[in-house]
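# A look at the structure
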Amino acid sequence: MGFKPKIDKKFLLFIGSCMLVIGIATWWPLFLEGGTDWPVILTLAVVFLFSVGVIAWCSFAVRYVFHPDYLLVQGGPFRSKIPYETITTVGTTRDIYTGYRLLSSVDALELFYTHALLGSVKISPRDKDAFLQELLARNPRVKVLETNK
(Lines give C-alpha, C1' and ligand atoms only; values in the text may rest on other atoms or scores of the structure.)
Protein backbone atom coordinates (compact mmCIF):
# COMPACT_ATOMS: atom_id res chain seq x y z
CA MET A 1 0.00 0.00 0.00
CA GLY A 2 1.42 3.38 -0.98
CA PHE A 3 0.81 6.94 0.12
CA LYS A 4 1.48 10.11 -1.82
CA PRO A 5 2.74 13.24 -0.08
CA LYS A 6 0.69 16.27 0.77
CA ILE A 7 1.95 19.30 -1.18
CA ASP A 8 1.56 22.84 0.17
CA LYS A 9 1.28 25.97 -1.94
CA LYS A 10 4.17 27.44 0.03
CA PHE A 11 6.29 24.44 -0.93
CA LEU A 12 5.42 24.90 -4.60
CA LEU A 13 6.27 28.59 -4.36
CA PHE A 14 9.60 27.80 -2.69
CA ILE A 15 10.57 25.15 -5.27
CA GLY A 16 9.47 27.43 -8.11
CA SER A 17 11.55 30.27 -6.66
CA CYS A 18 14.57 27.99 -6.40
CA MET A 19 14.18 26.96 -10.02
CA LEU A 20 13.82 30.61 -11.07
CA VAL A 21 17.02 31.56 -9.22
CA ILE A 22 18.85 28.66 -10.84
CA GLY A 23 17.54 29.75 -14.23
CA ILE A 24 18.68 33.34 -13.71
CA ALA A 25 22.09 32.23 -12.41
CA THR A 26 22.53 29.83 -15.31
CA TRP A 27 21.43 32.06 -18.17
CA TRP A 28 22.64 35.44 -16.88
CA PRO A 29 26.17 35.05 -18.32
CA LEU A 30 24.67 34.93 -21.83
CA PHE A 31 23.01 38.29 -21.31
CA LEU A 32 26.13 39.84 -19.76
CA GLU A 33 28.43 38.67 -22.53
CA GLY A 34 25.89 38.79 -25.32
CA GLY A 35 27.24 35.48 -26.53
CA THR A 36 25.58 33.08 -28.90
CA ASP A 37 28.37 30.53 -29.00
CA TRP A 38 26.67 27.12 -29.37
CA PRO A 39 29.01 25.17 -27.03
CA VAL A 40 28.35 27.75 -24.29
CA ILE A 41 24.59 27.64 -24.84
CA LEU A 42 24.62 23.83 -24.84
CA THR A 43 26.69 23.71 -21.64
CA LEU A 44 24.40 26.19 -19.86
CA ALA A 45 21.32 24.29 -21.02
CA VAL A 46 22.72 21.01 -19.67
CA VAL A 47 23.63 22.61 -16.34
CA PHE A 48 20.18 24.21 -16.07
CA LEU A 49 18.24 21.06 -17.00
CA PHE A 50 20.33 18.86 -14.70
CA SER A 51 19.95 21.23 -11.72
CA VAL A 52 16.22 21.75 -12.17
CA GLY A 53 15.71 18.05 -12.91
CA VAL A 54 17.39 16.94 -9.69
CA ILE A 55 15.39 19.43 -7.64
CA ALA A 56 12.12 18.36 -9.28
CA TRP A 57 12.96 14.66 -8.86
CA CYS A 58 13.77 15.06 -5.16
CA SER A 59 10.71 17.26 -4.56
CA PHE A 60 7.96 15.57 -6.54
CA ALA A 61 8.94 11.88 -6.73
CA VAL A 62 8.17 11.35 -3.04
CA ARG A 63 6.23 8.31 -1.86
CA TYR A 64 5.73 6.19 1.20
CA VAL A 65 5.12 2.49 0.55
CA PHE A 66 4.18 -0.20 3.06
CA HIS A 67 5.92 -3.48 2.19
CA PRO A 68 5.40 -6.72 4.13
CA ASP A 69 8.47 -6.21 6.35
CA TYR A 70 9.38 -2.55 6.06
CA LEU A 71 8.22 0.96 5.22
CA LEU A 72 9.90 2.42 2.15
CA VAL A 73 10.28 6.19 2.36
CA GLN A 74 11.50 7.50 -1.00
CA GLY A 75 12.19 10.93 -2.44
CA GLY A 76 14.09 10.97 -5.71
CA PRO A 77 17.41 9.18 -5.19
CA PHE A 78 17.00 9.16 -1.38
CA ARG A 79 15.45 5.99 0.06
CA SER A 80 15.06 4.51 3.49
CA LYS A 81 13.85 1.01 4.24
CA ILE A 82 12.54 1.19 7.79
CA PRO A 83 11.66 -2.18 9.37
CA TYR A 84 8.39 -1.86 11.27
CA GLU A 85 9.81 -3.31 14.48
CA THR A 86 12.40 -0.50 14.65
CA ILE A 87 9.79 2.30 14.60
CA THR A 88 9.31 3.46 18.17
CA THR A 89 7.37 6.73 18.06
CA VAL A 90 5.35 8.82 15.61
CA GLY A 91 4.37 12.42 16.25
CA THR A 92 3.16 15.43 14.34
CA THR A 93 5.64 18.20 13.61
CA ARG A 94 5.75 21.54 11.86
CA ASP A 95 9.56 21.77 11.98
CA ILE A 96 10.39 20.78 8.42
CA TYR A 97 13.66 22.66 8.05
CA THR A 98 15.96 20.43 10.10
CA GLY A 99 16.79 16.75 10.07
CA TYR A 100 16.20 14.05 7.49
CA ARG A 101 13.01 14.89 5.64
CA LEU A 102 11.23 13.58 2.57
CA LEU A 103 8.19 15.81 2.54
CA SER A 104 6.46 18.70 0.82
CA SER A 105 4.17 20.08 3.51
CA VAL A 106 4.46 21.68 6.95
CA ASP A 107 1.67 19.35 8.11
CA ALA A 108 4.06 16.48 8.72
CA LEU A 109 4.75 13.37 10.77
CA GLU A 110 8.06 12.52 12.37
CA LEU A 111 8.94 8.83 12.58
CA PHE A 112 11.50 7.91 15.20
CA TYR A 113 13.24 4.58 14.67
CA THR A 114 16.17 2.85 16.30
CA HIS A 115 18.66 2.61 13.44
CA ALA A 116 18.13 6.11 12.04
CA LEU A 117 21.29 8.04 11.26
CA LEU A 118 19.71 11.33 12.37
CA GLY A 119 17.23 9.77 14.81
CA SER A 120 14.11 10.24 12.72
CA VAL A 121 12.60 10.95 9.33
CA LYS A 122 9.98 13.60 8.61
CA ILE A 123 7.26 12.76 6.10
CA SER A 124 3.97 14.30 4.96
CA PRO A 125 1.47 11.68 3.77
CA ARG A 126 -1.65 13.16 2.18
CA ASP A 127 -3.93 11.07 4.43
CA LYS A 128 -2.19 11.04 7.83
CA ASP A 129 -4.96 9.13 9.61
CA ALA A 130 -4.95 6.25 7.11
CA PHE A 131 -1.14 6.21 7.19
CA LEU A 132 -1.12 5.96 10.99
CA GLN A 133 -3.77 3.22 10.95
CA GLU A 134 -1.72 1.20 8.48
CA LEU A 135 1.45 1.72 10.51
CA LEU A 136 -0.27 0.66 13.73
CA ALA A 137 -1.69 -2.42 12.00
CA ARG A 138 1.87 -3.42 11.08
CA ASN A 139 3.41 -2.49 14.45
CA PRO A 140 0.93 -2.00 17.30
CA ARG A 141 3.78 -1.12 19.72
CA VAL A 142 4.38 2.26 18.03
CA LYS A 143 3.74 5.14 20.42
CA VAL A 144 1.69 7.88 18.75
CA LEU A 145 2.25 11.39 20.10
CA GLU A 146 -0.33 14.11 19.55
CA THR A 147 2.15 16.94 19.08
CA ASN A 148 5.89 16.95 18.57
CA LYS A 149 7.44 20.40 18.07
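Residues numbered from 1 in each chain as written. Predicted model: local features only at pLDDT ≥ 70, side-chain atom pairs only at ≥ 80, totals over all residues. Heavy atoms only, no water.

Now for the side chain of K128. You can see K128 is positioned in helix α3 (residues 128–138). Aside from chain neighbours lying at most four places away, what touches K128 is T92, D107, A108 and L109. (Helix = DSSP H or I, 4+ residues; strand = E, 2+ residues; numbered from the N terminus. Contact = heavy atoms within 4.5 Å.)

Let us now look at the packing of helix α1 (residues 9–33) against helix α2 (residues 38–60). Helix-helix packing: each pair is described by the crossing angle between the helix axes and the interaxial distance. Following both chains from N to C, one finds α1 and α2 inclined at 170 degrees, their axes separated by 9 Å at the closest point. The pairing of α1 with α2 is recorded here as roughly antiparallel in orientation. When α1 is examined against α2, the residues F11, L12, I15, M19, I22, G23, T26, W27 and L30 are found in contact with a partner set consisting of V40, I41, L44, A45, F48, S51, V52, I55, A56, S59 and F60. The residue makeup of the contact of α1 with α2, split by class, is 16 nonpolar, four polar and no charged. (Axes fitted to C-alpha atoms, helices over the stretch in contact; angles between N-to-C directions. Parallel < 35°, antiparallel > 145°, perpendicular 65-115°, else oblique. Nonpolar A, V, L, I, M, F, W, Y, C, P; charged D, E, K, R; others polar.)

This part takes up α2. Between its terminal C-alpha atoms α2 stretches 32 Å, which fits the 33 Å expected from 23 residues at 1.5 Å a residue. Looking at the buried positions of α2, the neighbouring elements they touch are α1 and β2 (62–66). (Expected span 1.5 Å × (residues − 1).)

Moving on to the sheet that holds strand β7 (residues 108–113). Here five strands make up an open sheet; going across it, the order is β6-β8-β7-β5-β9 and the pairing mixed. At either end of the open sheet lies a strand with only one pairing partner, and these are β6 (101–102) and β9 (143–144). Its contacts with the sheet put α3 on β5 (87–93), β7, β8 (120–123) and β9, and the angle it makes with β7 is roughly 20 degrees. (Pairing = 2+ DSSP bridges.)

Buried residues of α3: K128, F131, L132, E134 and L135, and no others. Seen along its axis, α3 keeps its buried residues to an arc of 165 degrees; they face one direction. Those residues of α3 that are exposed and angled more than 90 degrees off the buried face are D129, Q133 and A137. (Buried < 20%, exposed > 50% of the residue type's maximum accessible area, 1.4 Å probe, protein only. Arc of directions from axis to C-beta.)

This structure, assessed with the given rule, holds eight aromatic pairs. A centroid spacing of 5.8 Å and a plane angle of 75 degrees characterise the contact between F3 and F66, whose relative ring orientation is edge-to-face. With F3 in strand β1 (residues 2–3) and F66 in strand β2, this residue pair connects regions lying 63 residues apart in the sequence. For the pair formed by F3 and F66, the shared burial category is buried. For the ring pair Y64 and F131, a centre distance of 6.4 Å and an interplane angle of 75 degrees mean the geometry is edge-to-face. Taken together, the positions of Y64 in strand β2 and F131 in helix α3 put the pair 67 residues apart, joining distant regions of the chain. Assessed through its relative accessible area of 0%, F131 is described here as buried. (Phe/Tyr/Trp six-rings, centres within 6.5 Å; stacked < 30°, edge-to-face > 60°.)

Among the nonpolar cores identified, the biggest contains 24 residues, and F131 and L135 are the most heavily contacted of them. Secondary-structure elements contributing two or more residues to this core are β2, β3 (70–75), β5, β7, β8 and α3. Of all the elements, β7 adds the most residues to this core, at four residues. Not counting residues within four places of it along the chain, the set of residues in contact with L135 comprises F66, Y84, I87, V90, L111 and V142. (Core = buried A, V, L, I, M, F, W, Y, C linked by side-chain atoms within 4.5 Å.)

This is a description of form; function is not addressed.
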